[in-house]
Amino acid sequence: MTTLSLILMAVSAASVLAESTVHFREQFEDSDGWKSRWVESKHKSDYGKFVLSAGKFYGDVEKDKGLQTSQDARFYALSARFDDFSNKGQPLVIQFTVKHEQSIDCGGGYIKLFPSELNQENMHGDSVYNIMFGPDICGPGTKKVHVIFNYKGKNHLINKDIRCKDDEYSHLYTLIVNPDNTYEVKIDNKKVESGNLEDDWDFLPPKKIKDPEAKKPEDWDDREKIPDPDDKKPEDWDKPENIPDPDAKKPDDWDEEMDGEWEPPMVTNPDYKGEWKPREIDNPAYKGKWVHPEIDNPEYTADSEIYKYSSIGVIGLDLWQVKSGTIFDNFLITNDPKLAEEVGDDTWGKTKDAERKMKEAQEEEDRKNREEEDKRREEAKEEDEEEEEKEEEEEEEEEEGEEPEEEEEEEEEDEGTDSKLKEEL
């Protein structure tokens, strides 16, 4: 075989390895067709229902349609299957968009990747998964991006705090896991965290441990300062903390036989200096802080394939929400970080500005409507007050008109009485 043939074979192999592969993509572009691809778990009978919706505001009413949670205070369990694969020797990229348009107070916005052996109709919170990734919000204290890996049967949370977006707009979440055991988390196509899997998760025991045989020498002095042995307490130092009030006088009506012997009240002694302590000086025998020597941990074994999963075949939404309304869209699982970035720009990137503009227009319209409603209420209130004042004035006028009539009636009665008396006389 010639050198040229070997070179061509190497180039061909490299091109195959570098080829982009899309394992899963879902943008909900075929109306109700998603119902044939996504399976609702039957593990519980009261799981919340997903509906297809672009929400109350959007950049494109069709392109922004996604799976929306529709019932408050419910668990949700929905999953979709794709061809089984392993990410051995290649990057794994997970990407999707989340929109909490309901101004979520407590609920998950994450996805889970499962091995192919998952029974989708029995998926639940304890089902074994490979990776859990995405935002989680619960009150003001929890606003984080979960990045959880299952390693040798145990779920491991990241040791870093990655803050998620907590507004009402759509956001793009991306996780990249590389075959060199490095990772990267992106939000809206911008890196927010990265590092090494071994450093940022507790997959493996520590490389070094404290030597169990090592002990601090008995003569090791780690006191940086010591009392000055030449410092002496002044002779006039000791004074009582409280003394009798020198300005107090015995009351004139004090009866010692009845009240006992009079004693002046106690007051704080202005000359009291507290407990005496010698000043401190540098310790001439100071050797520094003793550091426990470390040794190689016999239980540590390096693992160059922490990143690897032998079977990946199901993506699932297994979460709880107090207030529903979250929309999941633009799911992508691939081995090409560059492709994921381009897809993100072509989907979320093209509608995000229009979505924000529509939301702001709605808020402005709501503001104007509130102002008009407040104005109408104020005018109605003023009209009611004017009507009440008018009624009060009319009542007062009626009362004033009734008083002379009553006086006339009284006068007529008096005249009638006088006439009768005269007739009788």
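Since this is a predicted model, take the numbers as computed values, not measurements.

What counts and how
Residues numbered from 1 in each chain as written. Predicted model: local features only at pLDDT ≥ 70, side-chain atom pairs only at ≥ 80, totals over all residues. Heavy atoms only, no water. Buried < 20%, exposed > 50% of the residue type's maximum accessible area, 1.4 Å probe, protein only. Helix = DSSP H or I, 4+ residues; strand = E, 2+ residues; numbered from the N terminus. Pairing = 2+ DSSP bridges. Arc of directions from axis to C-beta. Polar contact = N/O pair within 3.5 Å; in protein donor to acceptor, adjacent residues only side chain to side chain. Disulfide = S-S within 2.5 Å. Core = buried A, V, L, I, M, F, W, Y, C linked by side-chain atoms within 4.5 Å. Contact = heavy atoms within 4.5 Å. Salt bridge = Lys/Arg side-chain N within 4 Å of Asp/Glu carboxyl O. UniProt positions renumbered as here; feature names shortened; annotations may be inferred. Phe/Tyr/Trp six-rings, centres within 6.5 Å; stacked < 30°, edge-to-face > 60°. Lys NZ or Arg CZ within 6 Å of the ring centre and 35° of its normal.

## Observations regarding the pairing of strand β12 (residues 170-177)
And step 1. With eight of its eight residues buried, β12 lies for the most part within the structure.
And step 2. Of the two faces of β12, the one lined by Ser170, Leu172, Thr174 and Ile176 and the one lined by His171, Tyr173, Leu175 and Val177 are each fully buried.
And step 3. Bridge count for strand β6 (residues 92-100) against β12 is eight bridges, and the pairing is antiparallel. Residue pairing for β12: Leu92 is matched across the bridge by Val177.

## Details of helix α4 (residues 337-346)
And step 1. Every buried residue belonging to α4 is among Ala340, Val343 and Gly344, and all of these are buried. Angularly, the buried residues of α4 cover 100° about the axis, an arc narrow enough to put them on a single face.
And step 2. The backbone nitrogen of Lys338 lies 3.0 Å from a side-chain oxygen of the residue at the head of α4, namely Asp336.

## Some details on the state of the cysteines
Disulfide: a covalent bond formed between the sulfur atoms of two cysteine residues.
And step 1. Tallying each qualifying case throughout the model produces one disulfide.
And step 2. Two residues, Cys106 and Cys138, share a disulfide whose sulfurs are 2.2 Å apart. Measuring handedness by torsion sign, the sulfur bridge of Cys106 and Cys138 sits at about -85° and is left-handed. Remark: Cys138 occurs in strand β9 (residues 131-138) and Cys106 occurs in strand β7 (residues 106-108); sequence separation between them is 32 residues.

## What about the nonpolar core?
And step 1. Within the largest apolar cluster, 59 residues are counted, with the highest numbers of intra-cluster contacts made by Trp38, Leu113, Phe133, Val147, Phe149, Ile315 and Phe331.
And step 2. Here this core gets six residues from one element, more than from any other, and that element is strand β5 (residues 74-85).
And step 3. Those residues in contact with Val147 that sit more than four places away from it in its chain are Met132, Phe133, His156, Leu157, Ile158, Ile162, Leu175, Val185 and Trp201.
And step 4. Membership of the second largest hydrophobic core comes to five residues, among which are Ile176, Leu332, Ala340 and Val343.

## Things to note about the environment of Phe24
And step 1. Within the secondary structure, Phe24 sits in strand β1 (residues 22-26).
And step 2. By relative accessible area, which is 9% here, Phe24 ends up buried.
And step 3. Among residues more than four places away in sequence, those in contact with Phe24 are Trp38, Ala80, Phe82, Ile315, Phe331, Leu332 and Ile333.

## Focus on the side chain of Asp228
And step 1. Along the chain, Asp228 falls in the loop between β16 (225-227) and β17 (242-244).
And step 2. Within the local environment of Asp228, its side chain forms a polar contact with the backbone nitrogen of Asp230, the two atoms lying 3.0 Å apart.

## Description of the pattern of salt bridges
And step 1. For the structure shown, the criterion picks out 30 salt bridges.
And step 2. Put simply, Glu256 and Lys250 hold a salt bridge, and the shortest N to O gap is 3.5 Å.
And step 3. The exposure class assigned to Glu256 is partly exposed, which follows from its relative accessible area of 46%.
And step 4. With its nearest N and O atoms 3.3 Å apart, the salt bridge here joins Glu373 to Arg377. Taken together, the residues span about one helical turn, with Glu373 and Arg377 both in helix α5 (residues 348-424) at a distance of four residues.
And step 5. On the basis of relative accessible area, Arg377 is assigned to the exposed category, the value being 55%.
And step 6. Sharing partners across several salt bridges, the network here consists of Glu26, Asp30 and Arg37.

## What to know about the UniProt feature "binding site: an alpha-D-glucoside" (unreviewed entry) in the protein chain
And step 1. UniProt records the feature "binding site: an alpha-D-glucoside" (unreviewed entry) at Tyr110, Lys112, Tyr129, Asp136 and Asp318, using the numbering of this structure.
And step 2. Structurally, the position occupied by Tyr110 is in the loop between β7 and β8 (111-114).
And step 3. Those residues in contact with Tyr110 that sit more than four places away from it in its chain are Phe96, Met132, Phe133, Gly134, Pro135, Asp136, His146, Leu317, Asp318, Leu319 and Phe328.
And step 4. Tracing the backbone through its elements, the reader meets Lys112 in strand β8.
And step 5. Those residues within four positions of Lys112 in sequence are excluded, and the remaining contacts are Gly125, Tyr129, Ile131, Met132, Val314, Ile315, Gly316 and Asp318.

## Observations regarding the packing of aromatic side chains
And step 1. Under the defined criterion, the tally for this structure stands at 17 aromatic pairs.
And step 2. With 4.8 Å between their ring centres and 80° between their planes, Tyr183 and Trp201 make a pair best called edge-to-face. Separated by 18 residues along the polypeptide, Tyr183 in strand β13 (residues 182-187) and Trp201 in the loop between α2 (197-200) and β15 (208-210) bring together distant segments of the chain. Just as Tyr183 is buried, Trp201 falls in that class too.
And step 3. Site record: aromatic cluster; members linked through ring pairs are Phe24, Phe28, Trp38, Phe82, Phe85, Phe96, Phe133, Tyr173 and Phe331.
And step 4. The ring of Phe57 carries the charged tip of Lys99 above its face, separated from the ring centre by 4.5 Å.

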